[in-house]
Amino acid sequence: MNNKKMNILIFSGEYDKALAALILANSAKEINIDVTIFFAFWGLLLIRNPNKMSEEDKSTYEKMFANMTPKSIEELPLSKMNFAGMGKKMLTEMMEENDTPTLTDFLNGVINKGITMQACKLSCEVMGFKKEELIDEVTIVTAEEYLKDAIDSDIQLFI
Amino acid sequence: MNNKKMNILIFSGEYDKALAALILANSAKEINIDVTIFFAFWGLLLIRNPNKMSEEDKSTYEKMFANMTPKSIEELPLSKMNFAGMGKKMLTEMMEENDTPTLTDFLNGVINKGITMQACKLSCEVMGFKKEELIDEVTIVTAEEYLKDAIDSDIQLFI
Amino acid sequence: MNNKKMNILIFSGEYDKALAALILANSAKEINIDVTIFFAFWGLLLIRNPNKMSEEDKSTYEKMFANMTPKSIEELPLSKMNFAGMGKKMLTEMMEENDTPTLTDFLNGVINKGITMQACKLSCEVMGFKKEELIDEVTIVTAEEYLKDAIDSDIQLFI
C-alpha cells in the first residue's frame, strides 16, 4: 500500500506560520506520510541561501526587494504581536525555555528527511530569485506541477 | 470519469493572496480540474462591481464600510510589506517587468473560463453588499452550500 | 456508512478568522459532518478559560504573554482594518444589526454540539498555557494526533 501524502503550500513569510508549517511537515514524515512543500510568494523567504546572493541579471526593483527582505529564516517577523521584533524575541525566548528546536532546526529536519521542496516558478520570476540563490534541495516548478501533486494528496494546506 | 475538483475559499482581501488564489484557479481549470471559488468576508472585496454601487437599503455602518474599502481589486493592499502602497507598487512593477498578467487579468480568466463563483450569504448580509453590487457571474450561497461543494472536492484551500 | 469528516486547524487568533472557522464548524455539524478543531499558536487564544488564570509554574515571559494577550474571545482583534478597535466595533455593530450571533455564540455552539476540540501540546508548552487555563471541553494533543485525524478527513482547512 502506498503511503499517505500531504502537500503544504507555504505562502506566508512569517516566523510563526513557517514554524507551524515545518513542524507539521516533520511530524508527518515521522509517521510515514509523504510530504511535498511548495514555497510561493513570501514563502520563498524561507528557502533563500544566505551564502549565495547575486545582483547579476536583477532589475533595480529586484535588487531592492532582495535587500529589503530577510536573508535568513531566523530574521522572519511574526504574523502578529511582532512589536518591532520584541514579540518575536519573547516567542523565541519562550521556545528556548522549553527546549523547543528553532525554525532553522525544523528546516534542517525537512532537508535531512528528504521532504520534497518546490519553489513556485512564477514567484521566483516576479521576485527575481534565481535558482542558485535558493537552497540546493529546492526544485523550481510551475503552479500546474503543484496542482498535480496536491490533487493526489490526502491533505492539502495553504499556510 | 469525472473531472477532479478543487474548492477555494477566499477569505482574504489582499492583492497578493488574491493573486495566489486566482492563479491557482486558472491553472487548475487549464488542466481540467473543476473549480469553485467561495468568496467570504474580505474576499467579497474581489468581486465588487465597480459600476454598480448602491446606497439604498444600507445602514450607516454599511455605507461607511462600502466607502472605506477598495472598490476595485487593483486597489487591494498587500498582506505584508505594503508600506502605505509603496511595497505594492514595487510588486506590480516587478510583475510588469516580467510580463505577468495583472490581478484583473486573472479575475477575467476565472470569469471567461466559467469557473463557479459563489459569495457567502452571511458575509453579504453583515457587510451590506447586495446581489447587484457584485459582478454578475457570482451566485450568493450559504455556508452549507459551500460545505457540500467542498466536501466532494479533491482539494480544498482556505486563502 | 460513516459520516463525512472535516478537520479545521485554527492557527489565527483574530476575531474575523475565528468567526469564519466557527461558523463553518457549526454549519458542518448541522449537516452531519463530523468536525474536529485543532487550536494551535494564536488559536489558543480562542479557548482560554477567562475564570481560571494561573500564574503558578509560569516563567516571567509566560506571565507577560498571558497578560498581554486577550483573555476573552470577544476581545480578539480583526486581521485587518482593525483601526485600533474601531473597525472591529463597526463589524460587531453590523453583525448586531443583522441579528448575527456573536463569536461567543458560535463557540458555545461548537461546545454544545459536542464538536471535538483539541489544543496543540507544543503551543501550550511554548506559550505556557496549562490544561486548567483552557475551557474544559478541550483535550491537549500532539501534532501527530492532529495529522492522524486530519489525514482521514474529507476536508482540511488551515485558518
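Residues numbered from 1 in each chain as written. Chains lettered and ligands numbered in written order. Predicted model: local features only at pLDDT ≥ 70, side-chain atom pairs only at ≥ 80, totals over all residues. Heavy atoms only, no water.

Draft legend 1. Representation of the overall build of chain A in the model. Across its full length, chain A holds 6 helices and 5 strands. Mapped from its N terminus to its C terminus, chain A presents α and β elements in the order β-α-β-α-α-α-β-α-β-α-β. Taken over C-alpha atoms, the radius of gyration comes to 16 Å for chain A, in line with the 15 Å a tight globule of 159 residues would show. With the C-alpha coordinates aligned to their principal axes, the bounding extent of chain A is approximately 50 × 40 × 25 Å. Counting across all 159 residues of chain A, residues that qualify as buried make up 58%. Partitioning the contacts of chain A with sequence separation of at least 6, the portion at a separation of at least 24 is 74%. Just so you have it, chain A exposes about 6,300 Å², and 48% of that area is on carbon and sulfur atoms. Measuring between centres, the 17 positive side-chain charges of chain A sit 3 Å from its 25 negative side-chain charges. (Helix = DSSP H or I, 4+ residues; strand = E, 2+ residues; numbered from the N terminus. Rg over C-alpha atoms; globule rule 2.2 N^0.38 Å. Buried < 20%, exposed > 50% of the residue type's maximum accessible area, 1.4 Å probe, protein only. Contact = heavy atoms within 4.5 Å. Areas by Shrake-Rupley, 256 points an atom, 1.4 Å probe, with all protein chains shown as cover. Lys, Arg positive; Asp, Glu negative; His and termini not counted. Charge placed at Lys NZ, Arg CZ, Asp CG, Glu CD.)

Draft legend 2. Structural detail: the sheet that holds strand E2 (residues 34-39) of chain A. Strand order across the open sheet formed by 5 strands is E4-E3-E2-E1-E5 (chain A), with parallel pairing between neighbours. Bordering the open sheet on either side are strand E4 (138-141) and strand E5 (155-158) of chain A, each of which pairs with just one other strand. Within this sheet the neighbouring strands show an average axis-to-axis angle of 20°, counted without direction. Sheet analysis places strand E3 (residues 116-120) of chain A next to E4 of chain A, joined by 4 bridges and oriented parallel. Across the sheet, the residue bridging to Gln118 of chain A is Thr139 of chain A, located in E4 of chain A. Across the sheet, helix H6 (residues 143-151) of chain C is in contact with strand E1 (5-10) and E5 of chain A; its angle to E5 of chain A comes to roughly 115°. (Pairing = 2+ DSSP bridges. Axes fitted to C-alpha atoms, helices over the stretch in contact; angles between N-to-C directions.)

Draft legend 3. The sheet that holds strand E3 (residues 116-120) of chain C, seen in detail. If you walk across this open sheet you meet the 5 strands as E4-E3-E2-E1-E5 (chain C), and the pairing is parallel. Each having just a single partner strand, strand E4 (138-141) and strand E5 (155-158) of chain C make up the two edges of the open sheet. Within the sheet, the average angular offset between the axes of one strand and its neighbour, ignoring direction, is 20°. On top of the sheet, helix H6 (residues 143-151) of chain B reaches strand E1 (5-10) and E5 of chain C; it is set at about 115° to E5 of chain C, its chief contact. Across the sheet, H6 of chain C touches E1, strand E2 (34-39), E4 and E5 of chain C, and the angle it forms with E1 of chain C is around 145°.

Draft legend 4. Representation of the pattern of salt bridges. Residues and elements named next belong to chain A. Here the structure, examined in full by the defined rule, presents 24 salt bridges over all chains. Between Lys121 and Glu125 there is a salt bridge, and its shortest N-O distance comes to 3.1 Å. With Lys121 and Glu125 both in helix H5 (residues 121-127) and 4 residues apart, this pair spans about one turn of that helix. By relative accessible area, which is 38% here, Lys121 ends up partly exposed. (Salt bridge = Lys/Arg side-chain N within 4 Å of Asp/Glu carboxyl O.)

Draft legend 5. Representation of the interface of chain C and chain A. In this assembly, 30 residues from chain C lie in contact with 33 residues from chain A. For the pair chain C and chain A, the summed buried area comes to about 2,800 Å², and 76% of that belongs to carbon and sulfur atoms. The largest share of the area that chain C buries against chain A comes from Tyr61, Ile151 and Phe158 of chain C, three residues that together contribute 24% of it. Where chain C packs against chain A, one counts 1 salt bridge. At the junction of chain C with chain A, the criterion picks out 5 residue pairs in polar contact (both at pLDDT 80 or more). Of all the secondary-structure elements, those providing two or more residues to the side of chain C that touches chain A are helix H2 (60-68), helix H5 (121-127), H6 and E5 of chain C. Per-element accounting of the side of chain C that touches chain A gives the leading share, 7 residues, to H6 of chain C. When the residues that make up the side of chain C that touches chain A are grouped by side-chain class, the tally is 19 nonpolar, 4 polar and 7 charged. (Buried area = accessible area lost by both parts, 1.4 Å probe. Polar contact = N/O pair within 3.5 Å; in protein donor to acceptor, adjacent residues only side chain to side chain. Nonpolar A, V, L, I, M, F, W, Y, C, P; charged D, E, K, R; others polar.)

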